[in-house]
Each structure stands twice: as structure tokens, then as C-alpha cells.
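Breakdown of the fold
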Amino acid sequence: MSSVNLRKSVQFLAIAFGLMALTSLATLMGFGQARSDRYLESHLTAINELQGLRESLKDVLLTSQRYLMTGEKLQFATFNESVDSAKQHLFTLKAIDGGQYGNSERFRAMANQLGLTLDQLVMDARLLQEKGQNSSKELLLTTRELRDASLLSRNLLAMEQEEASTVRAYISGDSKARGNALPMIVLLLSACSGIYALFLYTGGTAGGGVGDSYLEEGEREREKEGEREKEKERLRNSGASSGPSKVARSTYSGLAAAALASASASSSSSSVSSDGLASASESALRRELELAKEQLERLANVDYLTEVLNLRGLEQMLLAEDNRAHRSGGHLIAMIVNCDNFKKVNDACGHVTGDIILKEVARRIKGTLRPSDHVARVGSDEFIVLLPETQLAYGMRVAERIRLAIADHPMRGPQDPLSITASIGVANLPAKISSVVEVIALTRNALKKSKTSGKNKVTLAREAPSASGEYEALTPRSIVEQLTDVTSFRTVYQPIIDLSSEEITGYEALTRGPDGAFESPGDFFRLCIENDILTTVDLQCLKLSLADIPTMAGPMRFHVNLFPSTLLETPIANLIKLFPEDRSRTTFCIEISEQQFISEPAFLRDQVNALRQAGILVAIDDVGFGRSSLETLILLEPDLVKVDRKYVSGLSTEPAKARLLRRLTNVAKSLGAEIVAEGIEDRKDLPLLKDMGVHYGQGFLWGELLQILPNSEVSS
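This structure is a prediction, so every number in the text was calculated from the model and none was measured.

1. Things to note about the packing of aromatic side chains
Enumeration according to the criterion identifies four aromatic pairs in this entry. Both rings, one in F558 and one in F588, keep their centres 6.1 Å apart while their planes meet at 75 degrees; by these two values the pair is edge-to-face. A residue pair is termed long-range when its members are at least 10 positions apart, and F558 in strand β8 (residues 556–562) and F588 in strand β9 (residues 586–593) qualify at 30 residues. Exposure remark for F558: the relative accessible area of 3% places this residue in the buried category. With relative accessibility at 2%, the residue F588 sits in the buried group. Following the ring pairs from residue to residue traces out a cluster consisting of Y493, F558, F579 and F588.

Below, the structure is given as C-alpha cells:
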């Protein structure tokens with residue numbers, strides 16, 4: 001063994017003995033014991049507080065239900081003491097280890113669930129005080145709420161058992177549990193130093209110093225060089241003429257091969273290094289893109305001010321919850337929350353104060369709901385709340401809790417506290433709800449009643465009239481209720497005739513409103529527009545038309561009507577789902593009225609393309625002569641063009657009208673669209689229409705409107 005290795009071996013042995021001495025001294029002096037004591041004390045405190053919290057929760061649940069059943073003041077006082085005790089235990093747990101214990105994900109989830117449970121029970125007690133003993137049965141905990149409370153108690157017990165396991169590990173001497181791992185680390189280092197010193201002492205070279213490796217390598221090279229010199233001398237002495245050249249060639253070949261191998265290894269190492277850098281850069285870029293995508297998705301679905309869902313986010317949640325309710329057969333409850341006199345607050349205190357109040361209102365609404373519920377801001381001071389898998393009675397209770405949460409605690413204003421109240425309308429949503437507009441329309445009727453009856457109230461949509469008949473008179477509310485009552489609608493049908501053979505090729509479904517003042521389609525839809533329920537009623541008419549289609553004997557075309565605003569406000573996927581999945585015998589066509597276009601027709605291009613991809617035809621209805629008609633035809637490229645009746649009726653007696661219609665049919669044919677002429681009442685007009693290339697026709701020439709479609713047993 002070289003002197004260098006011997007000297008290093010002695011040095012490492014000295015380091016090992018020094019570290020071992022340091023370990024012994026630290027152990028004797030109790031190094032880290034204070035930290036261990038604090039560690040043990042904090043975990044024992046956590047066990048005691050978790051036990052107390054679990055017992056307090058049981059007391060809260062028991063005294064709450066006793067108070068709801070008896071209404072005794074003594075039970076109410078005991079209930080308040082139990083709630084205060086539970087909150088005190090929760091506060092102590094949060095403060096353990098300077099607040100570190102309360103920062104764990106599991107503890108925060110437990111604390112949030114416990115806070116929601118306590119707030120719910122406190123609100124139930126307040127509701128009992130307001131409404132009296134008659135409402136006690138309605139306020140008792142449901143089976144689902146009892147399951148949630150039981151799950152919360154089990155979570156507390158599991159946390160308590162984990163803390164007990166940690167204390168047992170501490171008592172059994174686990175160094176990690178004691179928090180005194182530093183002497184163990186030092187002892188491990190000393191052992192490594194001693195092993196390395198022994199390795200050097202025995203003469204090993206693996207892992208030796210860099211200088212030693214270079215010296216030993218140099219010695220070996222010198223020995224090889226001496227051997228090569230001796231070999232050359234031997235060859236020269238032997239007189240072999242070809243020996244030197246062969247040896248030179250052999251030596252040169254060996255050196256060249258070694259150089260090539262070295263270059264190849266260097267190139268391979270460089271390639272691996274560059275590939276690794278490229279892979280790492282690509283992974284980092286992919287992570288950044290994922291984060292950016294998540295952030296953009298959040299910005300697209302969340303209201304920037306109140307941090308709740310916006311309209312787009314609510315549409316997605318509505319679609320998911322409606323599908324879930326359809327599969328499970330559960331109920332989906334919706335409510336609209338509107339702040340009372342909010343405009344006065346903005347005018348008196350400014351919009352900055354108004355924004356702060358909206359944030360606080362949103363926070364209080366979210367604090368009242370379950371994790372599975374959804375809340376979205378749909379207007380300046382309006383919120384929509386969705387309660388999936390919820391019975392109507394429980395939904396009314398949640399609405400009352402939201403009203404109390406907003407009204408009970410005044411909000412801080414610039415000078416004086418501000419008392420904010422809210423009016424709430426609740427509705428049990430029907431199956432296959434298609435858009436947020438429908439939800440708003442169904443709940444707004446109840447909201448209007450809350451507003452007109454004094455505000456700061458909760459009202460259920462479509463309640464029965466009072467005994468005094470207050471709502472039996474014709475009022476705006478009763479009008480809206482009649483217009484949204486689908487049971488009073490009826491559907492009539494007009495045949496679509498192939499002009500070449502005058503045979504029926506399809507039917508157009510036309511909706512008629514309730515008998516009386518609303519029977520006329522013009523008056524019916526005008527009132528819907530005035531009361532902001534056009535989309536809701538239009539979708540109800542579509543569902544009614546599609547529900548009444550019988551099984552036809554042969555292939556048949558079926559036309560339904562939709563307003564452009566309905567296409568814009570309803571997610572196209574929800575709209576397509578309303579049509580039957582099996583469309584092998586029936587071809588569906590959606591007619592969009594050209595007279596109802598109030599904005600750029602290009603806005604409908606994506607919706608029209610999506611309908612075509614789903615196999616649904618698109619027709620432009622009531623087409624006339626003007627810039628808007630031509631622009632609509634060019635931009636939307638419909639499958640059918642339906643010419644308005646005023647340009648068809650009396651065609652044989654008015655040559656000017658015939659010339660205009662011929663130009664229009666030429667434009668439609670150039671776009672590849674089929675043409676349907678409406679309002680045909682005179683057989684004399686048929687030859688001209690056929691000559692112009694009009695394919696189909698509708699009108700009273702072939703009879704009155706049909707009340708019932710022919711079924712599969714009746715020939716078309």
C-alpha cells in the first residue's frame with residue numbers, strides 16, 4: 001500500500017472516531033430532547049382536543065334534535081353551550097404547533113365540513129324561533145344529513161387513532177417519532193468513514209483519490225511502454241525485414257480503432273445529453289401548457305368578481321347534473337337569489353362598495369351549500385343555485401337558510417352598517433332542461449312574487465292560488481304562468497306537398513297557445529318576448545312537437561320551428577339531444593324564421609353546421625326580397641328555402657311578382673337548396689311554380705291544418 005493511501009486511511013479513521021465521540025456526547029447531553037418533548041406534547045394535545053371535539057359534536061346533534069322536538073329554552077341553552085365547546089376545540093386544534101397542525105389538507109376538509117354542519121344546525125334553531133313549533137318536523141335532520149354527520153364523526157375518530165399511533169411509536173423508541181434523529185445521522189457518517197478508511201488500508205483502489213488513480217495509471221503506462229521498447233529491440237535483433245512494418249501497421253490500427261471507439265462514445269454521450277435536455281425542456285413546456293390551459297378554463301367558467309361560476313360554467317354544470325338526474329331519477333332544484341334594493345346601495349355608496357357586498361353575498365351563499373351544490377352569478381346582483389339530488393322540501397329549507405345568512409348579519413359600509421336582504425324564487429326543474437335561460441325563466445316567476453309581496457321572502461314557483469283568489473285575476477304573473485304551462489299547448493300539422501306528384505312528403509309542426517287570448521301565434525310569441533320567456537316557451541314547443549311524432553309507414557320529413565335567439569342561447573349539444581336517436585325513417589328539419597333575425601346572421605353559422613353534422617336539415621323560413629334575405633342565404637347556405645306566402649299568393653295574375661320569384665329561385669338553386677313555396681291557395685299558380693323549379697309547396701289548397709298526424713297504419 002502506498003504512503004498516500006496509508007495517510008488517508010489514518011485521516012478517515014480519525015474522522016470516524018471523532019464523529020462517534022460527538023454522537024456519544026450529543027446523546028448524553030440529551031440533544032434534541034426539548035424538540036421531542038414539544039413533539040409529544042403537541043400530539044397528546046391533539047388527541048385530547050379531537051376526543052373533546054367528537055364528544056361535543058355528539059352533544060350538538062343530540063341537543064339540536066331535542067330542541068327542535070320540544071322547543072324548551074333549557075335545551076336551546078344546552079345546544080348553544082355544545083356549539084361553543086365544539087368551536088373552542090376546533091380553535092385549539094388549529095393553533096397547535098403555531099398553526100401548522102391546522103394547515104393539513106385533511107384537517108381543513110374536516111374543519112370546513114364541521115363548520116357547515118354547525119351553521120346548518122344553528123340556522124335550524126333560528127328558523128324554529130321564527131316559524132314556531134309547527135315547523136319543527138320539517139327542520140329535523142334528514143337521513144342524508146345524519147349520514148354526513150356520522151361520516152364526520154368517523155373521520156374525527158380516525159384522526160384520533162392516527163395521533164395515538166404516533167404517540168405509541170414515540171414511546172417505543174422510534175427515532176423519527178422522538179424527533180432526535182441527528183445523533184443517528186452522525187453515527188451513520190462515522191460508520192461510513194471507518195469503512196472507507198479500512199478499504200484504503202487494505203490497498204483497494206476503487207473509490208481512491210483522483211491523484212492516486214493518475215499516479216497508478218502512469219506507472220502502468222510506463223511499464224507497457226518499456227515492454228513495447230523491448231519487443232521492438234527483439235525484432236530488430238532478429239533481422240526480420242517485414243516485422244517492423246507489420247508491428248507499425250498493427251499498432252496504428254489499434255490506435256485508430258481506439259480513437260474511433262472514443263469518438264463514438266463521445267458522440268453517443270453528447271447525443272444522450274442533448275436528447276435528455278430536449279426531453280426535459282419538452283416536459284417543462286408541456287407542464288406550462290397544462291397549467292395555462294387550466295387557468296384559461298377557470299377564467300372562462302368563473303366570475304372574476306365573486307369567484308363563483310359564470311353563465312358558461314353554469315351551463316356545463318347544468319348539463320352534467322341534468323344527465324345525472326335523468327339516469328338516477330332524482331330531482332334537480334334551482335333557485336334564483338336577487339339582492340333587494342341593490343341599485344340604491346350602488347347609488348348611495350358607490351360601485352366599489354357594491355362589488356364588496358356582492359362578494360360577501362356570494363361567500364354567504366357558498367357557506368350555506370353542500371360541496372355537491374353549485375352557485376353562479378347570472379346578473380349584476382342575481383345568483384342561480386343548483387341543488388342536485390334534492391327533494392323540494394329540503395330545497396325550500398336551503399333557500400330559507402340562504403335568506404337568513406344574507407339578512408341576519410349587517411355588512412360594513414363606509415359609514416354605517418348596511419342591512420342587505422334577498423328575495424328568492426325556487427323551482428323544481430323538469431326533465432331534460434336545455435339551457436340556463438329556461439332555469440332563469442322558471443325561477444323568475446317565483447322571484448317576482450317574492451318582490452311584490454314585500455321582499456326578503458322565499459317563494460315556490462307555480463304555487464296554487466290562495467283561498468282568497470288573489471292570483472286568479474288576469475295579472476302579468478298569471479299570464480306568464482299560462483304561457484309556460486306546456487299542458488295548455490297543442491300542436492297542429494300542415495302537409496308538405498311534392499309539386500311534381502302532389503303527394504305528401506312531410507309535415508310541418510305548428511304550435512298553438514292556450515285557447516282564448518293566446519291562441520294566435522303572433523300574440524302568443526309577442527307576449528313571450530315581452531315577458532322574457534321566449535326561449536323557454538320555444539323549447540317547450542319543440543319538445544311537444546317531437547313527442548307527438550308517430551311511427552310513419554315510410555320515409556317522411558318532419559319540420560319544426562325555432563327562433564334564432566333560441567339557437568344562440570341554447571347549447572347546441574343539448575338541442576340535438578332533444579331529437580330522437582333513431583332517425584332512420586324520419587328526416588328532421590329545423591326552420592329558422594328570416595323575419596326574426598335581429599343581428600348578424602353569421603353568428604348562427606356554427607350552430608347551423610353542428611345541426612348538419614348531426615343529420616338535421618336547416619331551412620330559412622319566410623324568405624322575401626331584401627338585403628337581409630340575400631345575406632342570410634349566402635352566409636348560412638341552408639338546405640331548404642321557404643318563400644314567404646305574400647310572394648306566392650296570386651302569382652298567376654301578377655307578372656311582376658312572378659319575375660321577382662324567378663330571380664329568387666335562381667339564387668336558391670345556385671346555392672344547392674331545395675325550394676318550398678308557402679301559402680298556395682290557387683291551383684292556377686302551380687304551373688308557374690313548377691316551371692320555376694320549385695320543388696315543394698304548402699297551403700290550404702290541399703286542405704285545412706291537421707289536428708293529429710296519421711300513424712303507421714294510415715297511408716300517407
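2. Concerning helix α4 (residues 105–131)
The terminal C-alpha atoms of α4, which comprises 27 residues, lie 39 Å apart, in line with the 39 Å expected from a rise of 1.5 Å per residue. Among the residues trailing α4, G132 stands out with phi positive, at a value near 95 degrees.

3. Topic: the sheet that holds strand β4 (residues 422–428)
The five strands lie next to each other as β2-β3-β1-β4-β5, forming an open sheet whose pairing is mixed. The open sheet has two edge strands with one neighbour each: β2 (374–377) and β5 (458–460). Direction aside, neighbouring strands of the sheet carry axes that sit 20 degrees apart on average. Where β2 lies against strand β3 (residues 382–388), four bridges are found, and the strand directions are antiparallel. Bridging from a neighbouring strand, V375 pairs with V385 of β3. Sheet strands in contact with helix α13 (residues 351–368) are β1 (332–339), β2 and β3, and its direction is about 10 degrees off that of β3.

4. Some details on the layout of surface pockets
In this structure, the largest pocket spans a volume of roughly 790 Å³. Around the largest pocket, the lining comprises 30 residues; the ones closest to its centre are E508, L510, P521, N561 and D621. Residue assignment for the lining of the largest pocket shows that the elements contributing at least two residues are β7 (503–512), α17 (521–530), α18 (534–547), β8, β9 and β10 (617–623). The leading source of residues in the lining of the largest pocket is β7, at five residues. For the lining of the largest pocket, the class distribution of residues is twelve nonpolar, eight polar and ten charged.

5. Structural notes on helix α23 (residues 655–670)
Look at α23: 23 Å from first C-alpha to last across 16 residues, which is about the 22 Å you get at 1.5 Å a residue. Regarding α23, the residues found buried are K657, A658, L661, L664, T665 and A668. Buried residues in α23, looked at end-on, bunch into an arc of 125 degrees, giving them a common side. Away from its buried face, by an angle of more than 90 degrees, α23 presents the exposed residues P655, R659, R663 and S670.

6. Overview of the sheet that holds strand β13 (residues 696–697)
Ordered in space as β6-β7-β8-β9-β10-β11-β12-β13, the eight strands form a closed barrel in which the pairing is mixed. Of the strand pairs in this sheet, β7 and β8 are connected by three bridges, and their pairing is parallel. Paired with E508 across the strands is H559, a residue of β8. Across the sheet, α18 touches β6 (490–498), β7, β8 and β9, and the angle it forms with β8 is around 165 degrees.

7. Examining the side chain of T665
Summarising the element assignment, T665 is placed in helix α23. Among all residues touching T665, those that are not within four sequence positions of it are I675, M692 and V694.

8. Regarding the packing of α4 against helix α14 (residues 392–407)
Remark: α4 packs on α14, axes separated minimally by 10 Å, with the N-to-C direction vectors making an angle of 90 degrees. On the basis of their axis angle, the class for α4 and α14 is roughly perpendicular. Touching Q120, M123, D124, L127, E130 and K131 of α4 are R397, E400, R401, R403, L404 and A405, all from α14. Residue composition of the contact of α4 with α14, by class: four nonpolar, one polar and seven charged.

9. Topic: the pattern of salt bridges
Enumeration according to the criterion identifies 21 salt bridges in this entry. Across the pair D303 and R377 runs a salt bridge, and its minimum N-O distance is 3.3 Å. Pair noted here: D303 is in the loop between α10 (243–301) and α11 (311–328) and R377 is in strand β2, with a separation of 74 residues, a long-range link. The burial state of D303 is the same as that of R377; both residues are buried. As a salt-bridge pair, E382 and R444 come within 3.1 Å of each other at their nearest N and O atoms. With E382 in strand β3 and R444 in helix α15 (residues 436–452), the pair connects residues that are 62 residues apart, well separated along the chain.

10. Things to note about the side chain of T566
Checked against the element boundaries, T566 lands in helix α19 (residues 564–569). Among the polar contacts listed, one links the side chain of T566 to the side chain of D538, at a separation of 2.7 Å. When neighbours within four sequence positions are excluded, T566 is seen to be in contact with T535, D538 and L539.

11. Some points on the environment of L617
Within the secondary structure layout, L617 lies in strand β10. For the pair formed by L617 and I590, sequence separation is 27 residues and the distance between their alpha carbons is 6.2 Å. In this view, L617 contacts R557, T587, F588, C589, I590, D639 and L640; residues no more than four positions away in its chain are not counted.

12. Considering the confidence of the model for the protein
Of all residues in the protein, 72% have pLDDT values of 70 or greater, and the mean over the chain is 76. Element-level mean pLDDT values for the protein span from 49 in helix α7 (residues 175–178) up to 93 in β3. Note that pLDDT drops below 50 for residues 463–477; the model gives that stretch ten contacts with residues more than four away or on any other chain. Scored below 50 in pLDDT, residues 712–716 shows five contacts in the model against residues more than four places distant or in partner chains.

13. Regarding empty space enclosed by the protein
In total, this model carries one cavity of 30 Å³ or more according to the counting rule given. Within this model, the largest cavity holds a volume of roughly 40 Å³. Around the largest cavity, the lining residues are Q494, P495, I497, G699, W702, G703 and E704. Taken together, the residues of the lining of the largest cavity break down into three nonpolar, three polar and one charged.

14. Structural notes on the pairing of strand β12 (residues 674–677)
Two strands pair when backbone bridges link them, and strand β11 (residues 640–643) and β12 are joined in this way by four bridges, in the parallel orientation. Within the sheet, the bridge partner assigned to K642 lies in β12 and is V676. Both β12 and β13 contribute to a ladder of two bridges, which runs parallel. Paired with V676 across the two strands is Y696, which belongs to β13.

15. Comments concerning the pairing of β6
Burial of β6 is extensive: seven of the nine residues sit out of reach of the surface. Pairing of β6 with β7, which is carried by nine bridges, proceeds in the antiparallel orientation. Bridge pairing in β7 places R490 opposite R512. Counted along the chain from β6 to the antiparallel partner β7, the turn is four residues long, and its residue E502 has a positive phi close to 55 degrees.

16. A few points about unusual backbone geometry
For N341, which is not glycine, the phi torsion reads 55 degrees and is therefore positive. Tracing the chain through its elements places N341 in the loop between β1 and α12 (342–349). Although it is not a glycine, D622 sits at a positive phi angle of roughly 60 degrees. Of the residues examined, D622 reaches a relative accessible area of 18% and is grouped as buried.

Rules used in this analysis
Residues numbered from 1 in each chain as written. Predicted model: local features only at pLDDT ≥ 70, side-chain atom pairs only at ≥ 80, totals over all residues. Heavy atoms only, no water. Phe/Tyr/Trp six-rings, centres within 6.5 Å; stacked < 30°, edge-to-face > 60°. Helix = DSSP H or I, 4+ residues; strand = E, 2+ residues; numbered from the N terminus. Buried < 20%, exposed > 50% of the residue type's maximum accessible area, 1.4 Å probe, protein only. Expected span 1.5 Å × (residues − 1). Pairing = 2+ DSSP bridges. Axes fitted to C-alpha atoms, helices over the stretch in contact; angles between N-to-C directions. Contact = heavy atoms within 4.5 Å. 1 Å grid on protein atoms, 1.4 Å probe; cavity = no way out; pocket = protein on both sides within 12 Å on 5 of 7 lines; lining within 4 Å. Points joined across faces, edges and corners; volume = space filled by probe spheres on them. Nonpolar A, V, L, I, M, F, W, Y, C, P; charged D, E, K, R; others polar. Arc of directions from axis to C-beta. Parallel < 35°, antiparallel > 145°, perpendicular 65-115°, else oblique. Salt bridge = Lys/Arg side-chain N within 4 Å of Asp/Glu carboxyl O. Polar contact = N/O pair within 3.5 Å; in protein donor to acceptor, adjacent residues only side chain to side chain. pLDDT = per-residue confidence, 0-100.

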